[in-house]
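Given next are the chains, with one letter for each unit.
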Amino acid sequence: LQVIKTGDLEAVAGSGVVNYSINVENIGSCNAYDVVLTEILPLGTSLLSFNAPPGWTIDFSGLPVVTVSAPLIVAGSGSQYFNLQVSVPASYAHQSVIRNDVSITSESEEVELSNNISFTTTTVNSVSDISVEKTAPATVLAETELEYTI
(Lines give C-alpha, C1' and ligand atoms only; values in the text may rest on other atoms or scores of the structure.)
Protein backbone atom coordinates (compact mmCIF):
# COMPACT_ATOMS: atom_id res chain seq x y z
CA LEU A 1 0.00 0.00 0.00
CA GLN A 2 1.00 3.59 -0.55
CA VAL A 3 -0.59 6.84 0.65
CA ILE A 4 0.24 10.34 -0.57
CA LYS A 5 -1.26 13.53 0.87
CA THR A 6 -1.13 16.97 -0.72
CA GLY A 7 -2.62 20.34 0.23
CA ASP A 8 -3.87 23.00 -2.14
CA LEU A 9 -2.13 25.87 -0.32
CA GLU A 10 1.38 26.48 0.97
CA ALA A 11 0.00 29.35 3.06
CA VAL A 12 -3.46 30.25 4.34
CA ALA A 13 -4.95 33.19 6.23
CA GLY A 14 -6.60 32.65 9.59
CA SER A 15 -10.31 31.96 8.97
CA GLY A 16 -9.28 30.37 5.67
CA VAL A 17 -9.98 26.96 4.19
CA VAL A 18 -7.46 24.28 3.20
CA ASN A 19 -8.29 21.43 0.82
CA TYR A 20 -6.32 18.20 1.03
CA SER A 21 -6.14 15.32 -1.44
CA ILE A 22 -5.24 11.80 -0.36
CA ASN A 23 -4.16 9.23 -2.93
CA VAL A 24 -4.21 5.56 -1.89
CA GLU A 25 -2.90 2.80 -4.12
CA ASN A 26 -2.03 -0.86 -3.73
CA ILE A 27 1.33 -0.90 -5.50
CA GLY A 28 2.15 -4.38 -4.21
CA SER A 29 1.74 -7.69 -5.98
CA CYS A 30 -0.89 -9.07 -3.56
CA ASN A 31 -4.36 -7.90 -2.59
CA ALA A 32 -4.66 -5.84 0.60
CA TYR A 33 -7.42 -6.94 3.00
CA ASP A 34 -9.13 -4.99 5.81
CA VAL A 35 -7.57 -1.68 4.81
CA VAL A 36 -7.81 1.25 7.25
CA LEU A 37 -6.97 4.86 6.40
CA THR A 38 -6.46 7.06 9.49
CA GLU A 39 -6.73 10.82 8.97
CA ILE A 40 -5.66 13.05 11.86
CA LEU A 41 -7.18 16.51 11.48
CA PRO A 42 -4.79 19.40 12.09
CA LEU A 43 -4.96 20.65 15.68
CA GLY A 44 -7.59 23.35 16.16
CA THR A 45 -9.09 23.09 12.67
CA SER A 46 -12.71 22.23 11.95
CA LEU A 47 -13.78 19.53 9.52
CA LEU A 48 -15.89 20.93 6.68
CA SER A 49 -16.03 17.84 4.47
CA PHE A 50 -14.48 14.43 3.85
CA ASN A 51 -15.19 12.36 0.74
CA ALA A 52 -14.15 8.78 0.05
CA PRO A 53 -14.44 6.60 -3.04
CA PRO A 54 -17.23 4.00 -3.31
CA GLY A 55 -16.64 0.92 -1.17
CA TRP A 56 -15.07 2.82 1.75
CA THR A 57 -16.82 3.36 5.09
CA ILE A 58 -16.16 6.67 6.89
CA ASP A 59 -16.23 6.82 10.71
CA PHE A 60 -16.35 10.31 12.25
CA SER A 61 -16.98 9.08 15.82
CA GLY A 62 -13.35 9.62 16.92
CA LEU A 63 -12.94 13.23 15.75
CA PRO A 64 -10.39 14.78 15.37
CA VAL A 65 -9.40 11.38 13.96
CA VAL A 66 -11.34 10.16 10.92
CA THR A 67 -11.12 6.43 10.20
CA VAL A 68 -11.98 5.12 6.75
CA SER A 69 -12.04 1.41 5.96
CA ALA A 70 -12.41 -0.92 2.99
CA PRO A 71 -12.52 -4.71 2.97
CA LEU A 72 -10.20 -5.03 -0.04
CA ILE A 73 -7.89 -3.13 -2.38
CA VAL A 74 -6.94 -5.30 -5.32
CA ALA A 75 -3.23 -5.22 -6.27
CA GLY A 76 -2.59 -2.93 -9.22
CA SER A 77 -6.17 -1.62 -9.26
CA GLY A 78 -5.05 2.02 -9.54
CA SER A 79 -5.36 5.09 -7.38
CA GLN A 80 -8.25 5.83 -5.07
CA TYR A 81 -8.77 9.49 -4.16
CA PHE A 82 -10.09 11.05 -0.96
CA ASN A 83 -10.81 14.75 -0.39
CA LEU A 84 -10.69 16.59 2.91
CA GLN A 85 -11.56 20.21 3.65
CA VAL A 86 -10.84 22.00 6.95
CA SER A 87 -11.30 25.56 8.18
CA VAL A 88 -8.44 27.31 9.96
CA PRO A 89 -9.43 29.38 13.02
CA ALA A 90 -8.71 33.12 13.00
CA SER A 91 -6.92 32.66 16.32
CA TYR A 92 -3.97 30.80 14.75
CA ALA A 93 -0.73 32.73 15.30
CA HIS A 94 1.00 34.34 12.34
CA GLN A 95 3.57 32.00 10.74
CA SER A 96 2.35 28.97 12.70
CA VAL A 97 2.49 25.71 10.77
CA ILE A 98 -0.46 23.37 10.33
CA ARG A 99 0.59 19.75 9.88
CA ASN A 100 -1.87 17.22 8.48
CA ASP A 101 -1.06 13.49 8.82
CA VAL A 102 -2.56 10.38 7.26
CA SER A 103 -1.62 6.70 7.48
CA ILE A 104 -2.82 3.46 5.95
CA THR A 105 -2.67 -0.11 7.26
CA SER A 106 -4.04 -3.50 6.32
CA GLU A 107 -4.17 -7.03 7.66
CA SER A 108 -2.05 -8.17 4.71
CA GLU A 109 1.72 -8.47 4.95
CA GLU A 110 3.65 -5.56 3.46
CA VAL A 111 7.25 -5.36 2.33
CA GLU A 112 7.61 -1.57 2.47
CA LEU A 113 6.00 0.37 5.34
CA SER A 114 7.67 3.78 4.85
CA ASN A 115 5.12 4.78 2.20
CA ASN A 116 2.16 4.06 4.50
CA ILE A 117 2.45 7.48 6.18
CA SER A 118 2.21 10.88 4.54
CA PHE A 119 1.84 14.46 5.71
CA THR A 120 1.77 17.99 4.39
CA THR A 121 2.21 21.39 6.04
CA THR A 122 0.58 24.78 5.52
CA THR A 123 1.80 28.08 7.01
CA VAL A 124 -0.74 30.48 8.53
CA ASN A 125 -0.39 34.10 7.46
CA SER A 126 -2.51 36.23 9.75
CA VAL A 127 -4.42 39.00 8.06
CA SER A 128 -5.19 42.24 9.87
CA ASP A 129 -8.53 43.90 9.34
CA ILE A 130 -8.08 47.52 10.38
CA SER A 131 -10.18 50.38 9.11
CA VAL A 132 -10.31 54.11 9.73
CA GLU A 133 -13.26 56.37 9.07
CA LYS A 134 -13.06 60.13 8.77
CA THR A 135 -16.21 62.25 8.69
CA ALA A 136 -16.93 65.95 8.33
CA PRO A 137 -19.95 68.09 7.48
CA ALA A 138 -20.88 68.03 3.79
CA THR A 139 -20.69 71.82 3.59
CA VAL A 140 -18.89 74.55 5.49
CA LEU A 141 -19.03 78.34 5.40
CA ALA A 142 -15.97 80.17 4.15
CA GLU A 143 -13.53 81.26 6.85
CA THR A 144 -15.07 79.03 9.53
CA GLU A 145 -13.54 76.12 11.34
CA LEU A 146 -14.07 72.68 9.92
CA GLU A 147 -14.19 69.83 12.40
CA TYR A 148 -13.32 66.28 11.41
CA THR A 149 -14.25 63.19 13.38
CA ILE A 150 -11.91 60.20 13.15
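Keep in mind it's a predicted model, so treat the numbers as computed, not measured. (Residues numbered from 1 in each chain as written. Predicted model: local features only at pLDDT ≥ 70, side-chain atom pairs only at ≥ 80, totals over all residues. Heavy atoms only, no water.)

Before going further, it helps to examine the overall build of the protein. Along the backbone of the protein there are zero helices and ten strands. Tracing the protein from N to C terminus, the helices and strands come up as β-β-β-β-β-β-β-β-β-β. Against the globule reference of 15 Å for 150 residues, the protein gives a C-alpha radius of gyration of 24 Å, more extended than a compact globule. Its C-alpha atoms put the protein at 90 × 25 × 25 Å along the principal axes. Residues classed as buried in the protein amount to 32% of the 150 residues present. (Helix = DSSP H or I, 4+ residues; strand = E, 2+ residues; numbered from the N terminus. Rg over C-alpha atoms; globule rule 2.2 N^0.38 Å. Buried < 20%, exposed > 50% of the residue type's maximum accessible area, 1.4 Å probe, protein only.)

Right, let's get into the side chain of Asp101. In this structure, Asp101 sits in strand β9 (residues 97-105). Side chain to side chain, Asp101 and Arg99 meet in a polar contact 2.9 Å long. Filtering out sequence-adjacent residues up to four positions away, Asp101 remains in contact with Lys5, Thr38, Glu39, Ile40, Ser118 and Phe119. (Polar contact = N/O pair within 3.5 Å; in protein donor to acceptor, adjacent residues only side chain to side chain. Contact = heavy atoms within 4.5 Å.)

Taken together, the six strands give an open sheet; going across it, the order is β2-β10-β9-β4-β7-β6, and neighbouring strands pair in mixed fashion. Whereas interior strands pair on both sides, the edge strands pair on one side only; in this sheet they are β2 (11-12) and β6 (57-59). One ladder, built from seven bridges, connects β9 with strand β10 (residues 117-124); its direction is antiparallel. Bridge assignment links Arg99 to a residue of β10, and that residue is Thr121. (Pairing = 2+ DSSP bridges.)

Judged by nonpolar contacts, the single largest core of 26 residues is most densely connected at Ile22, Val24, Leu37, Phe50, Trp56, Phe82 and Ile104. Elements with a contribution of two residues or more to this core: β3 (17-25), β4 (32-40), β7 (65-73), β8 (80-87) and β9. What Ile22 contacts, discounting residues up to four positions off in sequence, is Val3, Ile4, Lys5, Leu37, Glu39, Phe50, Gln80, Tyr81, Phe82 and Val102. (Core = buried A, V, L, I, M, F, W, Y, C linked by side-chain atoms within 4.5 Å.)

The strand order across the open sheet formed by four strands is β1-β3-β8-β5, and the pairing between neighbours is antiparallel. In the strand order of this sheet, the two ends are held by β1 (2-7) and β5 (46-51), each with one partner. Across the sheet, the mean angle from the axis of one strand to that of its neighbour is 20°, orientation sign disregarded. Examined bridge by bridge, β3 and β8 share eight bridges and lie antiparallel to one another. Residue pairing for β8: Val18 is matched across the bridge by Val86. (Axes fitted to C-alpha atoms, helices over the stretch in contact; angles between N-to-C directions.)

Geometric values such as these leave the question of function open.
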